[in-house]
Amino acid sequence: MGSKRSGRMSPQTRRTGRALRNDELLRTSAARIVQKFGLDGVSMALIANDAGLTTGALYGRFEVVDDVLVDLWKNGASGAIFALVEDMLATSSGTRPDSSERRNIDPLAMCGLQILVASRRNPTIAEAIEAELKSWTEKWNLGGSSTPTQRMRSSVLLSAIFGRLASDCLVHSDDRYRSMYDQVRRATEMAESAMLVHESAGLEVVAVGGDPLSNDLINATMDVIAKSGVEQSTLSRISRRAGVTTGAIYSRYESKIELVIDAIEVLVATVARTSSKLVIIGAQNHDMSTSVARMFHTAVSPDRAPWNRFRLETYLAGLSNSAIRRCLRRIQATSDERYFALLQPTKLFSDDQISEIALAGQIIPIGLSVLDIICSGHREIDYLDVSRCLMRLLGAT
C-alpha cells in the first residue's frame, strides 16, 4: 500500500534550496566587489558583508577567494563574456544593438574579462578555465586546425573586440568605435592571404631615457606588475627587482600609484616613438600598408610580452582606480593628438579617418594582449594583406 506524498519539503530539500540561493547571492556580491575594487581587491570578508551573510557561511562553501572566482566564472562570467563576443562578431558594427552604451556592457562580462586576465598569473584559475579556452580557440578559428586566413580574420576582429572591452574605463565614443570596427571587419573580409611568418625579435620595451635609477625603477615596475597585477605588486618587490632599497623609491615617489603612473607614461612614450617612426616611414615611402603590418607584427612579438601584460594590467586597474584611469585618459588624448600631427600633413586621410586610425592603434594592441592569454596562433600570422585592404578602404596605399 503506497504512502501519501507530503506537500512539504524535507529538511534536506529546504537546506539544498537555501544553499542554492546563497550561492547565487554570493556570486552577485562577488561580481559587485570585482566591479568596485577590481579582481585583486576581492576578499572573503567583503563578499560576505555585501551578501549580508557571515564569513562562516562563505567559508562553509568556499575555501579561498580563488574558489569564489572560479565559481563566478563557471556560473555566469564565462558565459557572459563568450555571449558578448559572439554577439559582437555577428554584427556588422561590432556593438550589440542593445549594448552600444558603456553602461549597458554586461558587468558580468567585464568580471569575466578580469578573471581571464588573472588566469595568466593565478594557477588555480588557469587550471579551472583551461579546457574552456581551448574550446574558444577552436570555436573562433584560432587553433592549429584553422587556415592562416581564418586565424588572421579572427585575430584582427577579436583584438578589436577585446581591446574595446579592456579599455572600457576610457569610455570611447561608440560612434567612433562602430565606424572603426566596420572598416576593420570589411578589411578582414577582403583579405584572402595570410601566410605564416617567423616571430620578430629585438622589440623589447624598456625605459632608457631617464637617469639610471629612474630607468631601473620603471623597468622593475613593469616586470613585477606584468607578473602579479597592480594590486599585488608591492614597493618592496619592485625595489628588490630593481636592486635598490624602498627608501630609494620614496626619494622619488610618494606612493606606489605615483610610481605606476610614471611607469605608464614613460613606457607609453617609448612605444609611441616606435610607432611614430613607422608612420613617418610609411608616409615618406607612400606605403602605409607595410607600416601598419609592421605595427601588428611588433604588437604580437614575444619580446613585447612584459610590456603587453603590464599595459593590460594597468587598463584593468583603471576600471577601479581613478588615478590610473585619469592617467590613461590623458594618454589617450595625447595619442589622438599625435596621430593627427603625423597624418594630417600627408593629406591621405580625412579627420574622421585619422580619429578611427588613432582608436585602432590604441585598442587593437591591447586586444592582442588578451588573445595572448587564450592562444598563440595570432603571433604566426602575416598581417600585410589585411593592412593593405584596410588602407585601400581608407583611400591610402
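Before reading further, recall that the structure is shown in the block above.
Just so it is clear, the structure is predicted and the values come from calculations on it, not from any experiment.

Chemist: Explain the pattern of salt bridges to me, please; I cannot follow it from the model alone.
Modeler: Taken as a whole and assessed by the stated rule, the structure comprises 18 salt bridges. Here Glu130 ties to Lys134 by a salt bridge, and the two come within 3.7 Å at their closest N and O atoms. You can see Glu130 and its partner Lys134 sitting in helix α6 (residues 123-139), 4 residues apart, about one turn around the helix. Among the ionic pairs, Arg185 bridges to Glu189, the shortest N-O distance being 3.6 Å. Of this pair, Arg185 and Glu189 both sit in helix α8 (residues 174-190), 4 residues apart, which is roughly one turn of the helix. Accessibility expressed as a relative area gives 17% for Arg185, which makes it buried. It is possible to trace a salt-bridge network through shared partners that takes in Asp23, Glu24, Arg27, Arg61 and Asp71.

Chemist: Which parts of the structure should I look at to understand the packing of helix α7 (residues 148-166) against α8?
Modeler: Each packed pair of helices is defined by two parameters, the angle between the axes and the distance between the axes. For the pair α7 and α8, the least separation of the axes is 9 Å and the interaxial angle reads 170°. The angle between the axes of α7 and α8 places the two elements in the roughly antiparallel class. Counted together, Met152, Arg153, Val156, Leu157, Ala160, Ile161 and Arg164 of α7 and Asp174, Tyr177, Tyr181, Val184, Arg185, Thr188 and Glu189 of α8 form the full contact between these two elements. Among the residues making up the contact of α7 with α8, the classes are represented as 8 nonpolar, 1 polar and 5 charged.

What counts as what
- Residues numbered from 1 in each chain as written.
- Predicted model: local features only at pLDDT ≥ 70, side-chain atom pairs only at ≥ 80, totals over all residues.
- Heavy atoms only, no water.
- Salt bridge = Lys/Arg side-chain N within 4 Å of Asp/Glu carboxyl O.
- Helix = DSSP H or I, 4+ residues; strand = E, 2+ residues; numbered from the N terminus.
- Buried < 20%, exposed > 50% of the residue type's maximum accessible area, 1.4 Å probe, protein only.
- Axes fitted to C-alpha atoms, helices over the stretch in contact; angles between N-to-C directions.
- Parallel < 35°, antiparallel > 145°, perpendicular 65-115°, else oblique.
- Contact = heavy atoms within 4.5 Å.
- Nonpolar A, V, L, I, M, F, W, Y, C, P; charged D, E, K, R; others polar.

Any functional reading would require information that these geometric values do not contain.
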